[in-house]
Structure formats: C-alpha cells, structure tokens
Amino acid sequence: MESMLPEAFADLEPFASKWSLATEGERYAERMATTMPEIQAFYDAVVPRAEEAIAYCDKYPLDDMPDDALHLLHLLYSMVQVSFPVECWGQPKIPDTGAAALDLISEPGP
Amino acid sequence: MSRLPKPPEGSWTQHYGLGTAPVSYEDSISPEFHALEAEAVFKRAWLNVGRIEQLPRKGSYFTKEITVANTSVIVVRDQQGEIRAFHNVCRHRGNKLVWNDFPRDETSGVCRQFVCKYHGWRYDLDGALNFVQQEEEFFDLDKAQFGLVPVHCDLWEGFIFVNLAKEPAQSLKAFLGPMVTALEGYPFDQMTERWFYRGPVGANWKLYMDAFQEFYHAPVLHARQSPPDWSVPAQNAGFEAPYYKIEGPHRVVSTAGIRPWELGENQRKPMEAVTRSGLFGPWDKPELGVEMPPGLNPSRANPWGLDSFQIWPNFVILIWGQHWYLTYHYWPTAYNSHMFEGTLYFVPAKTARERIAHEMAAVSFKEFGLQDANTLEATQTMLESRVVTEFPLMDQEVLCRHLHKVAAEWVNDYVAGQPGLNNEGVRV
Ligand code: FES
Ligand SMILES: [Fe+2]
C-alpha cells in the first residue's frame, strides 16, 4: 500500500488513514466515534513527533504543499482535536454538552 | 473584598445607575415579549450581517435569514462596487429570489443578475427589474415600479449592517456611538482568515449574550479546561474585570490577560505548549504595523486579555490582546431558541506552524462554546417553570443587567408609539 505520510514519519503511518482528515467536521466526528484507548494511543504516538512534524510542514508554502506533507498537517490538526479528550475530559465528548452542536461552516485551508 | 478598584459609587452597577434589585427574566421566557422585541428591536436597530471580505468582487452576494423579522435579505456588491441589500423576494408572485436546494438555507456566490427560479424574472445587481418573461401578456406593467425592495445598508470598518425600518431613526455611525467607533483604525482588514461556526441553541438569544458578557461563570463552568494547578486557585480567586463601560444601548467589558508561556507546566494544557496557542490565541502574535486605536484596552491592562464590545442588539466584537478577533451573532428563531454564530478572524497564517496555532485557538473556542451553549438550555427550561421569578445579579454581571434593561426600554418605547398596545403585546 502506498504511504500517506512522508517517509520520516513512517511510525505515524498506522494512524494516517484514520486521522489525516481535511476538515474540522470530519475530525470532530472521528473523535466522537473513537474509544478513549484508541484516542490515547494516537495522542501518545503523535505528540512526541509533533515538533519535528511541524518543522517538516513548515518547509513548504501553505498554498503549495505536497500531498504527504498535507496529510501530516491534517494529522497534526487531529492531534489538536484529541488533546481535549485526553488532557481535559477523559472521554471523547465534552461533559454536559448534551445535544449541543456548533458546526464549522467555513474554515481556512489548507 | 474585590482586588481591583471599583468606581467611587462602590460598584460598576451603581456607577451606571442600573439599580441593584433582583431582576426578572420574564423577557426571555415570554412569547408575547418576543413578538414585541421582533418589531421594537429587530425591525428598527442596525443589524450586522457580515464583513465586506465576504463580497470580494462585483456580483458577489450572500443571503441572510432574519427569521425574527420574517425576512431574508440579499446583500450584494453591484456593478459600481457599492454594497446593497434587498429583501429576498421576487416582485412577481413572491417567490424567494435567491436560494439553493433548501429555501430556508443561507447561500452565497457570484452572479451577473438575479433570476427567479419560478417564472424567470431577472433583476440587475442594483435591484432593477430588467426582464419579464412574456412581458406583452401583462397588463400595464411598468418594470421601473417592480424593482427589488431595498433594505437600508451601511458599512462601518468593513462590517456590513442592515436596518429593516422604512426610515432608520439614526445613521449607523450615530447608532454605534463614540464608544464603539473608537475602535476605528483597528486592522480588521488584515484579519481575513475566517472560521465561521454556527449552531442552534435552545434558549432565548439574550441568555447566550449574558453567558458571554460575564466571566463570573468562567472559573466554575470551564474549570476542567485547565489543569487543577490552574483551575483550583482560579476558582478560589474568582473573576474580576478591571473595566466596564456602558454607553447608550452598547456595552464593553475589558479583561486582564495572562502570559501562558510564563506559566508552570502544570498550570496549562500540554497541547498549549506543543502548539504555542490556546483559547486566548497564538502565543506569538503577528505584527500589525499600526497603532492600536484609543478605544481598545481602556484600563491599559498589561498583560491585556480582551475587550468584548456588546453591540446592541445581537452583535459582539471581541478583540484579543494576541492580535486576532472574533464576532458573535445571536439570531432569534423563537422566544426560546436562536441561531448562534461565532466567527474567528486571524491574520492569514503564512506557515504551517501559524496555521496549527490557529487550529488550537479555534478548537479551544468550540470546546468552551459548547459548554456555554448547553448550560443555556438548562437555564431556559427552568426559567420557564416560573417557580422562581426574581434573580440576584452581582457586580460582575453588570452588563447582563444592562442588556435586559435596554430590551425593556426599546419595547416600552415601541409600545408607547403604538396606541392600543400594552407592553405584553396585548391589544387594549
Ligand atoms: S415569482 Fe418570481 S418570476 Fe414569478
Ligand atoms: Fe463561557
């Protein structure tokens, strides 16, 4: 199978197809649909590589990123997304938020 | 004892002459009051519907549903580059003129003219009717008399406002007044990276405004957003703002800031250090190359957190010390529900690192906003029980007190001008 991420981040490849998502809506939905052990495993794998990954993405202009760097960037957005369940809530969902919804209707690229 | 100085009267509430008695929330649970508010407030005040960057070129347009006023408005940049607004209704047989797929959904795009989906009447971008299908079969139809119905529209600092009154009582600038217009010169035009959030809320619009115009709740409701080393002392200390200002129907709260990068590791979320960002925005703020306008950070707090301008009736501009801003809109859909919009604006990210910092600020915003939103439904339902009808407000809730007072004033004012109507909306 072809890899989604740059070679230097092969260790994160197992998480790429699940978490390398282009929109906030998809990332938020994925977080809600994932168990805490799985979220934790992703968080534990990606956080130690975050600084390197950011530096890697930083080599390219935002409006002209190669696909693999873009996938890595989207993976980092998912890292931000799952940090709240891991660092604050102990569960995917924000406690006491019932059916409340706040959808991101338009968001900047890339 | 408060830590920060208060005005000579002893409190902000007394300073602004708002009275200290408990308040009623009847204005948030009464369908009759809501009906009056629609007429008295939403059909008479200037309403912000967006930013000029949403209309980048000639023919750019968007629609705005103003449910509370029973209308939909088209906002468009015409051939001359002028911004105009029209009621979104075809003059032939009343079809909604501009919509896509679902008639009740808002839409946007670029066009040369507006074409009605029903029988094909066409309107220029300046609203003039320019084509009628089978025109010769109509009876004495003077096309010049059948242009789109205009809505008063004006701009301030790139913000587009409309006014649904036949003749607005005040110009936009007079309506905004000196406290708000003292923001002129803030580089809103540099902050074009836009994040637009929207969600329905099962509570009266004023209840959500209240939730974002007091920070008394923040150390309690949002405690778990920070580690205990931060949240416990924060909750013990409570929240105080250094500055409140009220002018006409508008109000401002200004807060002191923090320097998260100076905090201990146990006092902030680990992801804040990874992304160098958080709820208050990116730690590294962009250069703006302009002086901050005199109306900002009025208490000269250092570090400064934010200024939240609560612009009557339903619009908020919140400017962060970290050089970004956001807006809130609260569009009533019924006496006990509204559509909330939160829009974040940054100087466009130039690097992946900056873009990730924006992601962190935006995700944090949503985590807080969802907590606030759901609390409101819990408030609405129990207010409606009317088991309790009077509620004590403390000094940090001074702006909530003011909002409800202004709503009552506008409604009373309207009723006074409508003989035969009492302030419960009942014909007498
Ligand atoms: S209703 Fe628009 S053309 Fe007939
Ligand atoms: Fe809040």
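Scope of this entry: the structure provided in the associated data block. (Residues numbered from 1 in each chain as written. Chains lettered and ligands numbered in written order. Predicted model: local features only at pLDDT ≥ 70, side-chain atom pairs only at ≥ 80, totals over all residues. Heavy atoms only, no water.)

Our focus in this paragraph is the pattern of salt bridges. Counted according to the given criterion, the structure contains 27 salt bridges over all chains. For K18 of chain A, the salt bridge is made with E30 of chain A, and the minimal N-O distance between the two is 2.5 Å. Residue K18 of chain A is found in helix α1 (residues 13-19), and its partner E30 of chain A is found in helix α2 (residues 24-32); the two are separated by twelve residues along the sequence. One salt bridge in this structure joins K64 of chain B and E106 of chain B, with 3.3 Å as the shortest N-O distance. Note that K64 of chain B is positioned in strand β2 (residues 60-66) and E106 of chain B in the loop between β4 (83-87) and β5 (108-110), a separation of 42 residues in sequence. With relative accessibility at 4%, the residue K64 of chain B sits in the buried group. (Salt bridge = Lys/Arg side-chain N within 4 Å of Asp/Glu carboxyl O. Helix = DSSP H or I, 4+ residues; strand = E, 2+ residues; numbered from the N terminus. Buried < 20%, exposed > 50% of the residue type's maximum accessible area, 1.4 Å probe, protein only.)

Attention now goes to the packing of aromatic side chains. All names here are of chain B. Going through the model one piece at a time under the given rule, you end up with 36 aromatic pairs over all chains. Geometrically, the ring pair formed by F280 and W320 is tilted, given 5.2 Å between the ring centres and 40° between the ring planes. Taken together, the residues span a long stretch of sequence, with F280 in the loop between α7 (270-275) and β14 (304-311) and W320 in strand β15 (residues 315-320) at a distance of 40 residues. Taken together, a centroid distance of 6.3 Å and an interplanar angle of 20° make the contact between Y328 and F365 stacked. Taken together, the residues Y328 in strand β16 (residues 324-334) and F365 in helix α8 (residues 352-383) connect sequence positions 37 residues apart. When sorted by exposure, Y328 lands in the same class as F365, which is buried. One aromatic cluster is present, formed by W156, F159, F161, Y186, F188, F315, Y325 and Y345 through successive ring pairs. Above the face of the F159 ring, R51 is positioned so that its terminal group lies 4.4 Å from the ring centre. Above the ring of F131, the side-chain terminus of R122 is found at 4.1 Å from the ring centroid. (Phe/Tyr/Trp six-rings, centres within 6.5 Å; stacked < 30°, edge-to-face > 60°. Lys NZ or Arg CZ within 6 Å of the ring centre and 35° of its normal.)

All names here are of chain B. Looking at where I317 falls in the secondary structure, it is placed in strand β15. Once the C-alpha coordinates of I317 and C400 are considered, the two residues, 83 residues apart in sequence, prove to be 16 Å apart. If we ignore the near neighbours within four places in the chain, the residues touching I317 are W156, F159, F188, D307, S308, F309, I311, Y325, L326 and T327. (Contact = heavy atoms within 4.5 Å.)

Our next topic: the coordination of the iron ion (ligand 2). Residue and element names in this part refer to chain B. The coordination sphere of the iron ion (ligand 2), as far as protein atoms go, consists of H217 (NE2), H222 (NE2), D372 (OD) and D372 (OD), spread over 2.1 to 2.5 Å. In this structure, the iron ion (ligand 2) is coordinated by four donor atoms arranged in irregular fashion, with angles at the metal of 54 to 144°. Counting along the primary sequence, the residues that act as donors to the iron ion (ligand 2) give the motif H-x4-H-x149-D. Here H222 is found in the loop between α5 (218-221) and α6 (228-237), whereas its partner D372 is found in helix α8, with 150 residues between them in sequence. In this pair, the class of H222 matches that of D372, namely buried. (Donors = N, O, S within 2.8 Å, 3.2 Å for Na, K, Ca; no water. Tetrahedral: all angles 85-135°; square planar, octahedral: opposite > 155°, others 65-115°.)

Without other data, these values stay purely geometric and don't point to any function.
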